[in-house]
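Examining the three-dimensional arrangement
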Amino acid sequence: MLGLFMDMGKKNTYGIRAFINDVHLWLGLVSGIIIFLVCLSGTILTFEKEIEQWFKQELKVEVVGTKKSLSSLVNNPNIRSKGQLNSITIPTDEASPYKLSIKENPEQRRGTTYEVNPYTAEILAPQETGMDKFMFGMFKMHRWLLMDIKWGRPIVGIATIIFMILAISGIVLWFPKKVKWKTVKAGFKIKTNANWKRINHDLHNTLGFYACILILIMGITGLCWSFEGYRDGLSAIMGTRVFGNRGGGTEVDLERLANGKSINLEEAIALANKELNYHGELTVSLPNEKNPVYSFRKIADNSWSTVAQDRLQIHESGEVVSKEIYADKPLNVKIASAIKPIHTGTIYGRFSKWLYFLACLIGTSLPITGTIIYINKLKKKSKRRKKNKLATT
């Protein structure tokens, strides 16, 4: 049906399919280099954390004796000398280190993560390697093309929009002129026993078809970083703020809760595990003078999603201030809070990362295979013209 519609009036006229083909061709040629660089850097960044970790020393934790109390770790002089301790992440695996987020100076926006052996209080400071610098370069390439943010961000955004148009137009062109199962079936596979031109065409056509859905998802979510107006519009459509409050920001009536009672860190964690009664990694943000509240995030070990975190706030007096269960949140809130992991492919852990890696790799290849197809067509037209000239002379 689609093929018949596109083919209407095409005998001697410039039809819809020809128009879509020209849009696909010229947009691809204009944006090819930028799309190649953005997709290449995105492919590498898919496993950014894993690659960086290969080049770093690993803190080995042997289960010997009993773990030191969290209070003793918090008050450890070696840890206190690093700066202000903001949060502690406690894994369920007994042989894994605790992760401490420490704000080393007032100008630091986010804390530096230190790994600590819970049995010996051994501290492993974060290590800066050449791979960290390389990955940061890839990040700047992906977001700003290594340019000034003012110029690089919108250029990447425009290229992303073009890539989405290419994906949609590519799907339309993927369907043959006459839609029959025999002709459609050929688009699902690469004819490996054909000549190299046909193989290149199939790599562009078939792989592009398989990757198009993920490419569109990456584009829709990626534009949230390029254009503030787009992010605001998407927030309005979804009915909740994208990159907005992720929980833990409930206002606390300090006067009502200030009853002279005070619980320590261990008691607060015990209460949190009682409220969130399942096995999972627990992160606690410590109270301070401005906010005397323990803020907890917990995710179940058997969770399929990396964003399915439950949140809890407990006042220093021991009273539960707020409790947010991820499963109870509306669907639009769940999606909005997961924009970044949806874009990066981390939302379902290693499984979704591999899917995104393959999709990004295909996206990187599309400008190359598409350009080769165009060059081959130019050569074919040139040979045809020469042949026609010889025939008329």
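Residues numbered from 1 in each chain as written. Predicted model: local features only at pLDDT ≥ 70, side-chain atom pairs only at ≥ 80, totals over all residues. Heavy atoms only, no water.

1. Details of the overall build of the protein
- Looking only at helices and strands, one finds 15 helices and 8 strands in the protein.
- Computed over its C-alpha atoms, the radius of gyration of the protein comes to 27 Å, more than 25% above the 21 Å expected for a compact globule of 393 residues.
- On the principal axes, the C-alpha backbone points of the protein span a range of 105 × 45 × 40 Å.
- Here the contacts in the protein between residues at least 6 apart in sequence split such that 59% fall between residues at least 24 apart. (Helix = DSSP H or I, 4+ residues; strand = E, 2+ residues; numbered from the N terminus. Rg over C-alpha atoms; globule rule 2.2 N^0.38 Å. Contact = heavy atoms within 4.5 Å.)

2. With respect to a nonpolar patch on the surface
- Taken together, Trp 304, Tyr 348, Phe 351 and Leu 355 make up a surface patch of nonpolar side chains, about 520 Å² in accessible area.
- With respect to the helices, strands and loops of the structure, Tyr 348 is situated in the loop between helix H14 (339–344) and helix H15 (349–392).
- With a relative accessible area of 44%, Tyr 348 lands in the partly exposed category. (Patch = residues over 30% accessible without salt bridge, like charges linked within 9 Å, V, L, I, M, F, W, Y side chains within 5 Å. Areas by Shrake-Rupley, 256 points an atom, 1.4 Å probe, with all protein chains shown as cover. Salt bridge = Lys/Arg side-chain N within 4 Å of Asp/Glu carboxyl O. Buried < 20%, exposed > 50% of the residue type's maximum accessible area, 1.4 Å probe, protein only.)

3. Concerning unusual backbone geometry
- With a phi angle near 60°, Leu 145 is a residue other than glycine that sits in the positive phi range.
- Topologically, Leu 145 is positioned in the loop between helix H6 (130–144) and helix H7 (149–174).
- Judged by its relative accessible area of 14%, Leu 145 is buried.
- We note that Leu 146 has phi near 65°; this positive angle belongs to a residue other than glycine.

4. Some thoughts on the sheet that holds strand E4 (residues 123–124)
- Ordered by their spatial adjacency, 8 strands build an open sheet running E4-E3-E2-E1-E5-E6-E7-E8, and the pairing between neighbours is antiparallel. Single-partner strands in this sheet number two, and they are E4 and strand E8 (320–324).
- Note: strand E3 (residues 112–116) against E4, 2 bridges, orientation antiparallel. What sits directly across from Val 116, in E4, is Ile 123.
- Packed onto the sheet, helix H12 (residues 265–275) meets strand E1 (84–90), strand E5 (280–285), strand E6 (293–300), strand E7 (310–315) and E8 and runs at close to 45° relative to E6. (Pairing = 2+ DSSP bridges. Axes fitted to C-alpha atoms, helices over the stretch in contact; angles between N-to-C directions.)

5. Topic: the pattern of salt bridges
- All chains considered together, the criterion is met by 8 salt bridges.
- Lys 67 serves as the salt-bridge partner of Glu 94, at 3.3 Å between the closest nitrogen and oxygen. Here Glu 94, found in the loop between E1 and strand E2 (98–103), pairs with Lys 67, found in the loop between helix H3 (48–54) and helix H4 (70–74); they are 27 residues apart in sequence, far enough to count as distant.
- Relative accessible area serves as the criterion here: at 41%, Glu 94 is assigned to the partly exposed category.
- A residue is classified by how much of its surface remains accessible, and Lys 67, at 25% relative accessible area, is partly exposed.
- Counted as one network, the salt bridges with shared partners bring together Glu 50, Arg 350 and Lys 353.

6. Quick look at H12
- Along H12, the positions that sit buried rather than exposed are Leu 265, Ala 268, Ile 269 and Ala 272. On an axial view of H12, the arc spanned by its buried residues comes to 95°, and they lie on one face.
- Elements that come into contact with the buried residues of H12 comprise H4, E1, E5, E6 and E7.
- Put simply, Asn 264 is the residue that caps the front of H12, since its side-chain oxygen is 3.2 Å from the backbone nitrogen of Glu 266. (Arc of directions from axis to C-beta. Polar contact = N/O pair within 3.5 Å; in protein donor to acceptor, adjacent residues only side chain to side chain.)

7. Some remarks on the packing of helix H2 (residues 16–45) against H7
- Running from N to C, H2 and H7 cross one another at 135°; their axes reach a closest spacing of 8 Å. Put simply, H2 runs oblique to H7. Every pair of crossing elements has a handedness; the one defined by H2 and H7 is left-handed. Of the residues in H7, those in contact with Arg 17, Ile 20, Asn 21, Val 23, His 24, Leu 27, Gly 28, Ser 31, Ile 34, Ile 35, Val 38 and Cys 39 of H2 are Ile 155, Val 156, Ala 159, Ile 162, Phe 163, Ile 165, Leu 166, Ser 169, Gly 170, Val 172 and Leu 173.
- Taken together, the residues of the contact of H2 with H7 sort by class into 16 nonpolar, 6 polar and 1 charged. (Parallel < 35°, antiparallel > 145°, perpendicular 65-115°, else oblique. Left-handed = near helix turned anticlockwise from the far one by under 90°. Nonpolar A, V, L, I, M, F, W, Y, C, P; charged D, E, K, R; others polar.)

8. Quick word on H2
- The end-to-end C-alpha distance of H2, which contains 30 residues, comes to just 38 Å, noticeably less than the 44 Å that a straight helix rising 1.5 Å per residue would cover.
- The largest bend along H2 measures about 65° and falls at Ser 31. (Expected span 1.5 Å × (residues − 1). Bend = angle between axes of the 7 residues up to and from the residue.)

9. Quick notes on the pairing of E3
- Here E3 lies mainly inside the structure; 4 of its 5 residues are buried.
- Of the strand pairs in this sheet, E2 and E3 are connected by 5 bridges, and their pairing is antiparallel. Bridged to Lys 99 within E3 is Glu 115.
- Between E3 and E4, which pair antiparallel one after the other, the connecting turn spans 6 residues, and Ala 121 there sits at a positive phi close to 65°.

10. As for the pairing of E5
- Taken together, the 4 bridges between E1 and E5 define a ladder with antiparallel strand orientation. From the neighbouring strand, Ser 87 faces E5, where its bridge partner is Ser 285.
- Here E5 pairs with E6 via 6 bridges, running antiparallel. The partner of Val 284 across the bridge, within E6, is Phe 296.

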